[in-house]
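# Summary of structural features
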Amino acid sequence: MKKTINFSAGPAILPHDVLKQAQSELLNWHQTGCSVMELSHRGKDFEQCALEATQDLRELLNIPENYHILFLQGGARSQFAGVPLNILSNHTSADYIISGYWSKCAADEAEKYCQVNRINVKTVHEEKIGIKSFNQWQLTSDSAYVHYCPNETIEGLAIFDDPQFNDRIIVADFSSCILSKPIDVTRYGIIYAGAQKNIGPSGVTIVIVREDLLGKAKRELPSVLDYTIQTKHDSMFNTPPTFAWYMSGLVFKWLKQLGGLTIMEQRNRSKAQMLYQYIDQSDFYSNNIATENRSIMNVPFVCAHEEFDTMFVAEAAQHGIIGVKGHRIVGGIRASIYNAMDLDGVQCLIEFMKEFERVKG
Ligand SMILES: *Cc1c(COP(=O)(O)O)cnc(C)c1O
């Protein structure tokens, strides 16, 4: 089989070893004679699998005991509604930091349930998009929480530093950067992430919620989205996405085996650095994000002429390099280089970029 190198933004590449293991036990999981996806979520085998995945995630992210970890459905977008409905309580407004497409979508959805204070933190300086320093973020004082997105997947724009919000409740959409580096979970009230970027297959959404935020849900909140109900039922109030949960668990074990998130951060930084360095020294490719806000997960770039972007995507595919088409709202090219992408993969991409530039440039 021809080797394909997949730079898709999501659903995205999974570690080869994890896929191999899933394949080897697909028909007979843990000597049950069944596939994991055929078994009851209430059986002891799956319960053990679910518990281990939860514990491994807790270990990887160093999640304290006063945080619950939920494995839900509905994608990150379901949490755009789930968050306000769970924790607005008697507040009537929430602060939303707008840094790109996904944070804006989150604000749009929240606006159905409360007044949304939009805080635009993007700056443009010498044609590069960056982020205002935290002391210029004009938060309101009486809103229920502050929501932000540390990695804007589409723009490739990241906020690496921990925002200083004093004692405000911070809610963060970590969909495309969870597990890319260690984080201090205690800074957050809620962390959520769709799994299909940097965790596992689509279908499972991770929510990490601080204990004291439970029990504040609005009456009209659908039960499946209710953190308190789901916590009481260990994420099994409704049938959980068992296969996606199992696969995520295999990825957690893979990450632990590699040495955890400090190692992953080093790997991710060197991959990203290699790619940005190549783009920066070239007159043919360019990236429009300020150096300090360049995502280490999603690297968008354009060619010197727009018509080359389409050719790039088509010709890359002929070389087995897929998933590099930029999101439809920004166009161009984007290479997503999540945990499961290795340095060799990025090197192959750069080799192709060199060749493309040599011919077209
Ligand atoms: C992909 C993505 C989403 C949407 O995720 P779904 O699981 O499709 O709902 C939301 N936020 C961010 C940052 C994303 O990258």
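Residues numbered from 1 in each chain as written. Predicted model: local features only at pLDDT ≥ 70, side-chain atom pairs only at ≥ 80, totals over all residues. Heavy atoms only, no water.

## Details of the overall build of the protein
Helix and strand counts for the protein come out as 9 helices and 16 strands. Against the 2.2 N^0.38 benchmark of 21 Å for 361 residues, the protein shows a C-alpha radius of gyration of 21 Å, consistent with a compact globule. Based on the C-alpha atoms only, the size of the protein along its principal axes is roughly 60 × 55 × 30 Å. Expressed as a percentage of the 361 residues in the protein, the buried residues total 57%. Pairs at least 24 residues apart make up 67% of the contacts formed inside the protein by residues separated by at least 6 positions. Counting every atom, the protein has about 16,400 Å² of accessible surface; 49% of that belongs to carbon and sulfur. Each charge class in the protein was averaged separately, 34 positive and 41 negative side chains, and the resulting centres sit 3 Å apart. (Helix = DSSP H or I, 4+ residues; strand = E, 2+ residues; numbered from the N terminus. Rg over C-alpha atoms; globule rule 2.2 N^0.38 Å. Buried < 20%, exposed > 50% of the residue type's maximum accessible area, 1.4 Å probe, protein only. Contact = heavy atoms within 4.5 Å. Areas by Shrake-Rupley, 256 points an atom, 1.4 Å probe, with all protein chains shown as cover. Lys, Arg positive; Asp, Glu negative; His and termini not counted. Charge placed at Lys NZ, Arg CZ, Asp CG, Glu CD.)

## A few points about the site of the ligand
Lining the immediate surroundings of the ligand are 13 residues, of which Arg77, Thr153, Asp173, Gln196 and Lys197 lie closest. Here an oxygen atom of the ligand sits 2.9 Å away from a polar atom, N or O, in the side chain of glutamine 196. Between lysine 197 and the ligand, the recorded distance is 2.7 Å, taken from a side-chain N or O atom to an oxygen atom. In isolation the ligand exposes 390 Å². Once the protein is present, 87% of that is buried. Ranked by the residues each element gives to the shell around the ligand, the list is headed by helix α3 (residues 75–87), at 4 residues. Residue composition of the shell around the ligand, by class: 4 nonpolar, 6 polar and 3 charged. (Near = heavy atom within 4 Å. Polar contact = N/O pair within 3.5 Å; in protein donor to acceptor, adjacent residues only side chain to side chain. Nonpolar A, V, L, I, M, F, W, Y, C, P; charged D, E, K, R; others polar.)

## So, the sheet that holds strand β13 (residues 285–286)
Spatially, 3 strands are ordered β13-β14-β16 in an open sheet, and the strand pairing comes out antiparallel. Two strands lie at the open edges of the sheet, namely β13 and β16 (333–336), each paired on one side alone. In the sheet, β13 pairs with strand β14 (residues 298–303) via 2 bridges, with the strands oriented antiparallel. Directly across from serine 286, in β14, lies its bridge partner valine 302. (Pairing = 2+ DSSP bridges.)

## Structural notes on the packing of aromatic side chains
Applying the stated rule across the entire model yields 23 aromatic pairs. Residues phenylalanine 80 and tryptophan 102 carry aromatic rings whose centres are separated by 6.4 Å and whose planes lie at 55° to one another, so their mutual orientation is tilted. You can see phenylalanine 80 sitting in helix α3 and its partner tryptophan 102 sitting in helix α4 (residues 101–110), a full 22 residues away along the chain. Tryptophan 102 carries the same exposure label as phenylalanine 80, and that label is buried. With centroids separated by 5.8 Å and ring planes inclined at 40°, the aromatic side chains of tryptophan 137 and phenylalanine 165 adopt a geometry described as tilted. Of this pair, tryptophan 137 sits in the loop between β6 (128–131) and β7 (146–148) while phenylalanine 165 sits in the loop between β9 (157–158) and β10 (170–173); the two residues are 28 residues apart in sequence, bridging distant segments of the chain. You'll find tryptophan 137 and phenylalanine 165 in the same group, each marked buried. A connected cluster of aromatic rings, assembled from ring pairs, spans Tyr278, Phe284, Tyr285, Phe301, Phe308, Phe312, Phe352 and Phe356. (Phe/Tyr/Trp six-rings, centres within 6.5 Å; stacked < 30°, edge-to-face > 60°.)

## Structural notes on the UniProt feature "domain: Aminotransferase class V" (unreviewed entry) in the protein
UniProt's entry tags residues 6–348 with the feature "domain: Aminotransferase class V" (unreviewed entry), counted in the numbering of this structure. When the span residues 6–348 is considered, its composition is 33% helix and 18% strand, and the gap between its end C-alpha atoms is 11 Å. (UniProt positions renumbered as here; feature names shortened; annotations may be inferred.)

## With respect to the packing of helix α1 (residues 16–24) against helix α6 (residues 242–258)
The interhelical angle for the contact between α1 and α6, taken along N-to-C directions, is 130°, at an axis separation of 10 Å. Comparing the axis directions of α1 and α6 gives the class oblique. Helix-helix and strand crossings are classified by hand; for α1 and α6 the assignment is right-handed. Where α1 abuts α6, its residues Asp17, Val18, Leu19, Gln21 and Ala22 lie against Tyr246, Met247, Leu250, Val251 and Trp254. Looking at the contact of α1 with α6 residue by residue, the class counts come to 8 nonpolar, 1 polar and 1 charged. (Axes fitted to C-alpha atoms, helices over the stretch in contact; angles between N-to-C directions. Parallel < 35°, antiparallel > 145°, perpendicular 65-115°, else oblique. Left-handed = near helix turned anticlockwise from the far one by under 90°.)

## So, the UniProt feature "modified residue: N6-(pyridoxal phosphate)lysine" (unreviewed entry) in the protein
Per the UniProt record, the feature "modified residue: N6-(pyridoxal phosphate)lysine" (unreviewed entry) sits at Lys197. Tracing the sequence through the fold places lysine 197 in the loop between β11 (190–194) and β12 (205–210).

## Brief notes about the sheet that holds β12
Strand order in the open sheet made by the 7 strands is β2-β12-β11-β10-β7-β3-β4, with mixed pairing throughout. The open sheet terminates on both sides in strands that have one partner only, identified here as β2 (67–72) and β4 (115–120). Direction aside, the axes of adjacent strands within the sheet are offset by 15° on average. In this sheet, β7 lies alongside strand β3 (residues 93–98) in parallel orientation, the contact comprising 2 bridges.

## A short note on the environment of threonine 239
Looking at the element boundaries, threonine 239 is found in the loop between α5 (227–232) and α6. Separated by 196 residues in the primary sequence, threonine 239 and glycine 43 place their C-alpha atoms 12 Å from one another. When near neighbours in sequence (up to four residues on either side) are disregarded, threonine 239 contacts His41 and Gln73.

## A few points about the side chain of serine 180
If you trace the backbone, serine 180 turns up in the loop between β10 and β11. Looking at serine 180, the relative accessible area reads 3%, which means it is buried. Those residues in contact with serine 180 that sit more than four places away from it in its chain are Asn198, Leu261, Met264, Glu265, Asn268, Met297 and Asn339.

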